[in-house]
Amino acid sequence: TTEKQEFETLFFDQQPLASLATAGSYTVVEVYINTCAICKRIEKQMPALLASRGDVVMRRVHFPEDGMRWPLDQEVTMNARLEDYRICGTPHIEIYKPDGTLLVKDDCGDKHALRFLEAWLADETRSG
């Protein structure tokens, strides 16, 4: 299954991306923007993986195209909290194990989770 969230909702509710992990399933969390070509490719390829793997769910988190905005008097606090997410571009991928622990995640320029997901999708395409 795929579920969509808004990043701003998670952010203002102070929920980490890990809060989207679904017990009993591998959870792919993708932070995306609508204009991201890689994000669009992942969106097209994921249904095949989800259909063949009943133990995988997808949580897509939309990041606002024009960035995050808040009052100037809150800017320092909000920017510091935004840095806790370590999202430095899209897609930003985090994958959680069925027990809710982190399997792999992107960390700014280090796109470990994206490469992991792309290999998973390619393998599913070959075997499907």
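Up top is the structure.
Residues numbered from 1 in each chain as written. Predicted model: local features only at pLDDT ≥ 70, side-chain atom pairs only at ≥ 80, totals over all residues. Heavy atoms only, no water.

A. Main features of the pairing of strand S3 (residues 56-62). Along S3, 7 of the 7 residues are buried, which leaves the element largely enclosed by surrounding structure. With 5 bridges joining them, strand S1 (residues 2-6) and S3 adopt parallel strand pairing. Considered in S3, the bridge of Gln5 is made with Val61. Bridge analysis of strand S2 (residues 26-32) against S3 gives 7 bridges, and the strand direction is parallel. Looking at the pairing, Val29 lines up with Arg59 of S3. (Buried < 20%, exposed > 50% of the residue type's maximum accessible area, 1.4 Å probe, protein only. Helix = DSSP H or I, 4+ residues; strand = E, 2+ residues; numbered from the N terminus. Pairing = 2+ DSSP bridges.)

B. Just the state of the cysteines, in detail. Counted by the stated rule, this structure contains 2 disulfides. A sulfur-sulfur distance of 2.5 Å marks the disulfide that ties Cys36 to Cys39. Judged by the sign of its S-S torsion, about 80°, the cystine formed by Cys36 and Cys39 is right-handed. Cys39 shares its class with Cys36; the two are buried. In this model, Cys88 is linked to Cys108 through a disulfide, with the two sulfur atoms separated by 1.9 Å. Taken together, the residues Cys88 in the loop between helix H3 (75-84) and strand S4 (92-96) and Cys108 in the loop between strand S5 (102-105) and helix H4 (112-127) connect sequence positions 20 residues apart. For Cys88, a relative accessible area of 47% gives the class partly exposed. Looking at Cys108, the relative accessible area reads 15%, which means it is buried. (Disulfide = S-S within 2.5 Å.)

C. Region of the structure containing the environment of Asn79. Residue placement: Asn79 occurs in helix H3. Distance in space between the C-alpha atoms of Asn79 and Tyr26 is 30 Å, their sequence separation being 53 residues.

D. Geometry of unusual backbone geometry. Residue Pro91 is reached from Thr90 by a cis peptide bond, and omega for that bond is -5°. Looking at the element boundaries, Pro91 is found in the loop between H3 and S4. Here the phi dihedral of Arg86 falls at roughly 55°; this positive angle occurs in a residue that is not glycine. Its place among the elements puts Arg86 in the loop between H3 and S4.

E. Representation of the packing of aromatic side chains. In this structure the tally under the stated criterion is 8 aromatic pairs. The interplanar angle of 70° and the centroid separation of 4.8 Å between the aromatic rings of Phe7 and Tyr85 together place this pair among those described as edge-to-face. Placement of the pair is Phe7 in helix H1 (residues 7-12) and Tyr85 in the loop between H3 and S4, with a sequence separation of 78 residues. Phe7 sits in the buried class, given a relative accessible area of 0%. Ring centres of Phe11 and Tyr85 lie 6.1 Å apart, and the angle between their planes is 40°; on these two criteria the pair is classed as tilted. (Phe/Tyr/Trp six-rings, centres within 6.5 Å; stacked < 30°, edge-to-face > 60°.)

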